[in-house]
Amino acid sequence: MEAQLRGYLYGLSRQLHLEPVREREVLRELQGHVEDRAQELIEKGMPPKDALHQALKHFGQPKSIARGLYEVHSRGSWLDISLAITPHLLFALLFAFNLWSEVLWVSVLLVATALVSFLGWMKDRPNWSYPWLGYCLIAPGISWVFALSALAYGAWSLVTKGSLPMGIPVYIAALVYIPVAMWLGLWIFSKVVRRDWLLASLTTLPFPFLTYWLLYFQSRRPLVESANPQFTETGGAIALVFLSLALVTALFLRIGQRVIKAVLLLVATPALAMLIWLSYEGNSGYMGMLFFSMVSVILLLSPALLEHRLGGTEESLLPQ
Amino acid sequence: MHQKMLLKGSTKTLLLAMLSQEPMYGYRLVKEMKNRSSGYFLFKEGTLYPALHRLEKEGLVSGEWNQTPGGQQRRYYFITDRGRHALSYMLEEWQEFSRAVNLVARPRLL
């Protein structure tokens, strides 16, 4: 393929943000269109290079064609929306019925999220699979933080007391787990960001709230205690937040325009952060509320900056 | 501007009407449309492909990779039964609309 055409298709694919198989097919179809026009111009006597240049010029800006195609394909069907909101609803049920401390239910839910995420990842990463992926990354994320803390505490004990609080195999496992989990997490996240930073933001949607609850309850009483009364009392409120996330996800998938999707996430996330803060901290600590809202927005927007740095689409999606 | 608006409202009907005659791929559709309308309808790619993909998503057409007489692989669009029903309804609507416009626009005979 001509470098000029390849460059054009690359520019187009950076703005398409479609499911990989669909994107490959769209690019192939548009490539055929450009080649047909160029061929016609060549047959009229134009030099091949000029013909291709002319054909691409006629095709117009990649941005406008990409916008039109994105609006058609990014709008999910009702089935897509039902599948996308299911993990939020399942987590809402977990907290509404105070099942969060039941190891069996939590394990079933985590295994289900991992399984669905894996299937979605292998089956062309449809848009509905990203909320599942977000929840799937929670357990490894939390265990990564615990492994890092255990390692740091072990190192501190070794220096100050001359002994380790846990057996050496635990630290070896932590030393292996920390870089491997980090690499895998970053690899997955970079893949999502390259596809579409908005989908990466949708994936991380529950992260700020889950982190807040984890820190809030951990600072008051260990989370693992099944009889943690604060957690049990606020189960309904937590379930409502998950229901709100389900609603935001449904709207996100139903809207076609990227700008409106971004605005939805940018409005809903800090609004939910403020509501959570007010329901837990009361009217005190407005600076804290502002900080929490800002952190949630920064987390939400970080994929956009990453996409800019990573360079968008994958080369493998371009037709040969 | 007025022509652009008219075209926007008729894109779906025009594409379905073309595809009801024979399956075609994007580039051929543009050319045929231009030829049959004596150069009146000049579809831009930015309009054509989103419109075709929307029709496919609505189940009014289906896309399939086939070989052209020249040997290239191109994505042909076929009208579906649902597309034919939609087209006949749209054409009926169009006939009524254009008849009404003509009645209004025609100079009144004294």
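Residues numbered from 1 in each chain as written. Chains lettered and ligands numbered in written order. Predicted model: local features only at pLDDT ≥ 70, side-chain atom pairs only at ≥ 80, totals over all residues. Heavy atoms only, no water.

Re the overall build of chain B
Step number 1: Along its length, chain B carries four helices and three strands.
Step number 2: The linear arrangement of helices and strands in chain B, starting from the amino end, is α-β-α-α-β-β-α.
Step number 3: Dimensions of chain B, computed from the C-alpha atoms along their principal axes, are close to 60 × 30 × 20 Å.
Step number 4: For chain B, buried positions account for 37% of its 110 residues.
Step number 5: For chain B, the share of sequence-separated contacts (at least 6 apart) that also reach a separation of at least 24 residues comes to 43%.
Step number 6: Counting only carbon and sulfur atoms, one obtains 56% of the accessible surface of chain B, whose full area is about 7,200 Å². (Helix = DSSP H or I, 4+ residues; strand = E, 2+ residues; numbered from the N terminus. Buried < 20%, exposed > 50% of the residue type's maximum accessible area, 1.4 Å probe, protein only. Contact = heavy atoms within 4.5 Å. Areas by Shrake-Rupley, 256 points an atom, 1.4 Å probe, with all protein chains shown as cover.)

Looking at the interface of chain A and chain B
Step number 1: The partner chain B presents 20 residues to the 20 residues of chain A that form the contact.
Step number 2: Across the interface of chain A and chain B, roughly 1,900 Å² is buried in total on both sides, 51% from carbon and sulfur atoms.
Step number 3: Taken as a group, E29, H33 and V72 of chain A account for 31% of the area that chain A buries against chain B, more than any other trio of residues on that side.
Step number 4: Inspection of the region where chain A meets chain B yields four salt bridges. (Buried area = accessible area lost by both parts, 1.4 Å probe. Salt bridge = Lys/Arg side-chain N within 4 Å of Asp/Glu carboxyl O.)

Remarks on the domain arrangement of chain A
Residues and elements named next belong to chain A.
Step number 1: Entries for chain A in the domain assignment read domain 1 (3-71) and domain 2 (76-137 + 195-317).
Step number 2: On a C-alpha basis, the centres of domain 1 and domain 2 stand 37 Å from each other.
Step number 3: Contacts between the two partners involve 15 residues from domain 1, matched on the other side by 18 residues from domain 2.
Step number 4: Summed over both sides, the interface of domain 1 with domain 2 buries roughly 1,500 Å², with 48% coming from carbon and sulfur. (Domains from an automatic or database assignment.)

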